Amino acid sequence: MSYPEDLQYPEPRYHGTRGEVNAVFRPADTPAELASPSGGATHYFATNASTGGEFGLYKVEMGPRAGGPATHFHRAVSESFYVLSGELELYNGEKWVTGREGDFLYVPVGGLHAFKNVTDEPTSMLLLFAPGAPREEYFERLAEVTQRGGEELKRFRIRHDSYFVEDFESGAE
């Protein structure tokens with residue numbers, strides 16, 4: 001493989017000369033930050049706060065037959081899904097594909113996507129979004145706000161850069 005001579009890296013953001021001691025370690029046995037009634041859990045590996053807004057990385061565990069979000073897109077963040085175990089149905093904006101251990105789906109900003117577990121077994125994945133948005137409130141309050149529904153749910157989704165197709169089907173946008 002050949003590489004171009006004029007590689008373009010982002011502008012430096014660290015201007016020191018010796019580096020810093022600033023790494024963050026998270027032991028594997030750290031409990032999940034969020035548990036769901038369907039037997040799932042969400043582990044916040046990296047948040048907006050811990051990465052200075054560079055990216056967010058969560059491990060999402062879904063119980064058997066656990067539904068996920070309907071088709072939606074983000075205006076500010078890209079999202080990536082890496083299947084760790086089990087099978088996960090992923091909507092790539094065009095069709096549903098079955099993701100299995102080691103499979104990866106990248107969704108650029110504006111890309112339609114969705115996911116769900118349609119099997120009788122649990123599944124887990126890494127969810128990466130960039131840049132790092134403060135998404136924790138979205139995951140922690142989604143079930144509560146979904147129960148109320150209506151315009152409150154739509155505003156909540158938009159506040160968290162989640163634009164669901166169903167919210168705009170009547171031509172509201």
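The structure this text deals with has already been given above.
A brief report on the enclosed structure follows. (Residues numbered from 1 in each chain as written. Predicted model: local features only at pLDDT ≥ 70, side-chain atom pairs only at ≥ 80, totals over all residues. Heavy atoms only, no water.)

This part is about the sheet that holds strand 6 (residues 87-91). With respect to topology, 3 strands assemble into an open sheet ordered 7-6-9, the strand pairing being antiparallel. Here the strands that pair on one side only, and so sit at the sheet edges, are strand 7 (96-100) and strand 9 (114-116). Strand-to-strand twist in this sheet, taken as the mean axis angle between neighbours without regard to direction, amounts to 30 degrees. Here strand 6 runs beside strand 7; their pairing, made up of 5 bridges, is antiparallel. (Pairing = 2+ DSSP bridges. Helix = DSSP H or I, 4+ residues; strand = E, 2+ residues; numbered from the N terminus. Axes fitted to C-alpha atoms, helices over the stretch in contact; angles between N-to-C directions.)

What follows deals with the side chain of His113. Mapped onto the elements of the fold, His113 is located in the loop between strand 8 (104-107) and strand 9. His113 sits in the buried class, given a relative accessible area of 1%. Within the structure, the side chain of His113 is placed 2.7 Å from the side chain of Glu79, a separation counted as a polar contact. Once residues within four sequence positions are removed from consideration, His113 is found in contact with Ala70, Thr71, His72, Phe73, His74, Glu79, Phe81, Tyr91 and Val107. (Buried < 20%, exposed > 50% of the residue type's maximum accessible area, 1.4 Å probe, protein only. Polar contact = N/O pair within 3.5 Å; in protein donor to acceptor, adjacent residues only side chain to side chain. Contact = heavy atoms within 4.5 Å.)

Turning to the pairing of strand 10 (residues 123-130), a few remarks are in order. Alignment of strand 3 (residues 56-62) against strand 10, held across 7 bridges, turns out to be antiparallel. Among the inter-strand pairings, Glu61 is bridged to a residue of strand 10, identified as Ser124.

Looking now at the pattern of salt bridges. Within the structure shown, the criterion is met by 12 salt bridges. In this structure, Arg26 engages Glu33 in a salt bridge whose closest nitrogen and oxygen atoms are separated by 3.0 Å. Taking relative accessible area as the criterion, Glu33 reaches 38% and is therefore assigned partly exposed. Between Glu166 and Arg157 there is a salt bridge, and its shortest N-O distance comes to 3.2 Å. Given the relative accessible area of 8%, Arg157 is considered buried. Here the residues in one salt-bridge network are Glu137, Arg141, Glu144, Arg148, Glu152 and Arg159, joined through shared partners. (Salt bridge = Lys/Arg side-chain N within 4 Å of Asp/Glu carboxyl O.)

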